Amino acid sequence: MTAYRQALRNDDLSNTPLASIPPQLQPRPPAKHISARTIWISDIHLGYRDCKADYLLEFLSDIKCDTLYLVGDVIDLWALKRRFCWPAKHYQVMLKFYELASKGTRVIYVPGNHDEPMRHFCGQLFGPIEIALEHEYTTADGKHLLIMHGDAMDAYINLSWLTRFCGDIAYNFLLFINRWANRFRKWMGRPYFSLAGLIKSNIKGAKAAIETYQNEAMEEARRRGFDGVICGHIHYPALFEANGIRYANTGDWIENCTALVEDYQGKMRLLHYSDQVQWQEDLADSLVASHVA
């Protein structure tokens, strides 16, 4: 734990104008623990070299919630098949899930496409952890939401085999750039930043695919009588409402290090948690301010 992270634990900076806070003292939640009714995380990809397990471990140690949803791709069996990678921190993340469940947090695991074999155990318990193909959730303010990983929406994104193959190569290259860029930023004393996410969000084809995914996920929720959908899969955190349907994507722990958090009044917010910890709207404002400056 660095000195500035500890300082942010002890000092409430929530009412301090963001522009007046030094870059090394970016705001984090004022309380030591992130207290919530429900928290959703997804696309952790344990077993993959770019998994940010160190940040995730700190996050899991900071949270206190009634329910924790793991919305798919918790373990990356695809990556493990190509190359075995299982550092101690990846194992510690799994133990942390068990610890939270054993201490009273309801932990619900909705498998994704990278951990698809776990779908064979839907309706069963994995120790104290519930496994479900999908889940229905009612927010504190009465919204009825569909929770799914979201890989079923791939059917609506028409990509050829060659495009998918090139996409995988390009994405791995983006993560390579992201990895080395953040090593350089850390050496320069700068906070973690998802360069891969920035590049991806500015590529025309990727933007179109993301918008198609979002629209189809919301339509799926509407067709089935839900007020909205919570999903993961595309590693693009988002939270908005359109035409009366709520869309929430939890992001990931490879590029963005984000979680979706609901308080006891039903308000939902996205939290970015790395070496800087901010609510997503505050982080967006700070990025805009830095570009303007």
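Residues numbered from 1 in each chain as written. Predicted model: local features only at pLDDT ≥ 70, side-chain atom pairs only at ≥ 80, totals over all residues. Heavy atoms only, no water.

**Student:** Give a description of the confidence of the model for the protein that names residues and reports values.
**Tutor:** Predicted coordinates in regions of low pLDDT should not be interpreted in detail. Across the protein, the average pLDDT comes to 81, with 70% of residues at or above 70. In this model, residues 1–31 is a region of pLDDT below 50 whose contacts with residues beyond four sequence positions or in other chains number 48 contacts. Residue range residues 160–166 is modelled with pLDDT below 50. Its contacts to residues more than four positions away, or to other chains, number 3 contacts. (pLDDT = per-residue confidence, 0-100. Contact = heavy atoms within 4.5 Å.)

**Student:** With reference to specific residues and values, describe the side chain of Arg246.
**Tutor:** The residue Arg246 is located in strand E10 (residues 245–249) in this model. With relative accessibility at 10%, the residue Arg246 sits in the buried group. In this structure the side chain of Arg246 is engaged in a polar contact, spanning 3.2 Å, whose partner is the side chain of Glu241. If we skip the residues at most four places from it in the chain, Arg246 touches Thr139, Asp141, Lys143, Leu145, Asp227, Gly228, Val229, Leu239, Phe240, Glu241, Gly266 and Met268. (Helix = DSSP H or I, 4+ residues; strand = E, 2+ residues; numbered from the N terminus. Buried < 20%, exposed > 50% of the residue type's maximum accessible area, 1.4 Å probe, protein only. Polar contact = N/O pair within 3.5 Å; in protein donor to acceptor, adjacent residues only side chain to side chain.)

**Student:** Go over unusual backbone geometry with me, naming the residues and quoting the values.
**Tutor:** Despite not being glycine, Asp43 has its phi angle at roughly 50°, a positive value. By secondary structure assignment, the location of Asp43 is in the loop between strand E1 (34–41) and helix H2 (53–62). Even without glycine at this site, His45 takes up a positive phi of about 60°. Here His45 is to be found in the loop between E1 and H2.

**Student:** How would you explain the nonpolar core if you had to name every residue and give the values?
**Tutor:** Looking at soluble globular proteins, one finds that nonpolar side chains tend to be buried together. Within the largest apolar cluster, 36 residues are counted, with the highest numbers of intra-cluster contacts made by Ile39, Ile41, Phe59, Leu60, Leu68, Phe97 and Trp253. Ranked by residue count, the leading element in this core is H2, at 6 residues. In this structure Leu68 touches Ile39, Ile41, Leu60, Ile63, Phe97, Leu100, Thr105, Arg106, Val107 and Ile108, once residues within four positions along its chain are discounted. Residues Leu146, Met153, Tyr213 and Ala217 belong to the second largest nonpolar core, which totals 16 residues. (Core = buried A, V, L, I, M, F, W, Y, C linked by side-chain atoms within 4.5 Å.)

**Student:** Describe the state of the cysteines, naming the residues involved and giving the relevant values.
**Tutor:** Every disulfide links exactly two cysteines, by a covalent bond between their sulfur atoms. This model, assessed by the stated rule, comprises 0 disulfides. The thiol of Cys85 is unpaired, and the distance to the nearest cysteine sulfur, on Cys51, comes to 8.7 Å. (Disulfide = S-S within 2.5 Å.)

**Student:** Tell me about the sheet that holds strand E9 (residues 238–242), and please be specific about residues and values.
**Tutor:** In space, the 5 strands of this open sheet follow the order E6-E7-E8-E10-E9, with mixed pairing throughout. Edge positions in the sheet fall to strand E6 (135–138) and E9, since each of these pairs with one other strand and no more. Averaged over all neighbouring strand pairs, the angle between strand axes comes to 20°, with direction disregarded. (Pairing = 2+ DSSP bridges. Axes fitted to C-alpha atoms, helices over the stretch in contact; angles between N-to-C directions.)

**Student:** I'd love a proper account of the pattern of salt bridges, names of residues and values included.
**Tutor:** Pairs may arise between side chains of opposite charge once their charged atoms sit close together. By the definition in use, this model includes 11 salt bridges. Across the pair Glu116 and Arg119 runs a salt bridge whose closest N-O atoms are separated by 3.9 Å. For the salt bridge of Arg224 with Glu134, the shortest nitrogen-to-oxygen distance reads 2.6 Å. Pair noted here: Arg224 is in the loop between helix H7 (204–223) and strand E8 (228–231) and Glu134 is in the loop between strand E5 (129–131) and E6, with a separation of 90 residues, a long-range link. Residue classification places Glu134 among the partly exposed residues on the basis of a relative accessible area of 31%. Among the ionic contacts, a cluster of salt bridges with common partners joins Glu134, Glu220, Arg223 and Arg224. (Salt bridge = Lys/Arg side-chain N within 4 Å of Asp/Glu carboxyl O.)

**Student:** For the packing of H2 against helix H4 (residues 88–102), give the residues involved together with the corresponding values.
**Tutor:** When two helices pack together, their arrangement is captured by the angle between the axes and the distance separating the axes. Running from amino to carboxyl end, H2 crosses H4 at an angle of 20°, the nearest separation of the two axes being 9 Å. Here H2 is positioned roughly parallel relative to H4, judged by the angle of their axes. As H2 runs across H4, the sense of the crossing is left-handed. In this structure, H2 uses Ala53, Asp54, Leu56, Leu57, Leu60 and Ser61 to contact H4, whose residues at the interface are Lys89, His90, Gln92, Val93, Lys96, Phe97 and Leu100. (Parallel < 35°, antiparallel > 145°, perpendicular 65-115°, else oblique. Left-handed = near helix turned anticlockwise from the far one by under 90°.)

**Student:** Give me the packing of aromatic side chains: which residues, what numbers.
**Tutor:** Taken as a whole and judged by the stated rule, the model has 7 aromatic pairs. Look at Trp40 and Tyr137: their rings are 5.1 Å apart centre to centre, the planes differ by 90°, and that puts the pair in the edge-to-face class. Here Tyr137 lies in strand E6 and Trp40 lies in strand E1, a separation of 97 residues in the sequence. As far as burial versus exposure is concerned, Trp40 and Tyr137 are alike and both buried. Aromatic pair Tyr98 and Phe126: ring centres 6.2 Å apart, planes at 55°, arrangement tilted. Taken together, the residues span a long stretch of sequence, with Tyr98 in helix H4 and Phe126 in strand E4 (residues 125–126) at a distance of 28 residues. These aromatic residues form a ring-pair network of at least three members: Trp40, Tyr69 and Tyr137. (Phe/Tyr/Trp six-rings, centres within 6.5 Å; stacked < 30°, edge-to-face > 60°.)

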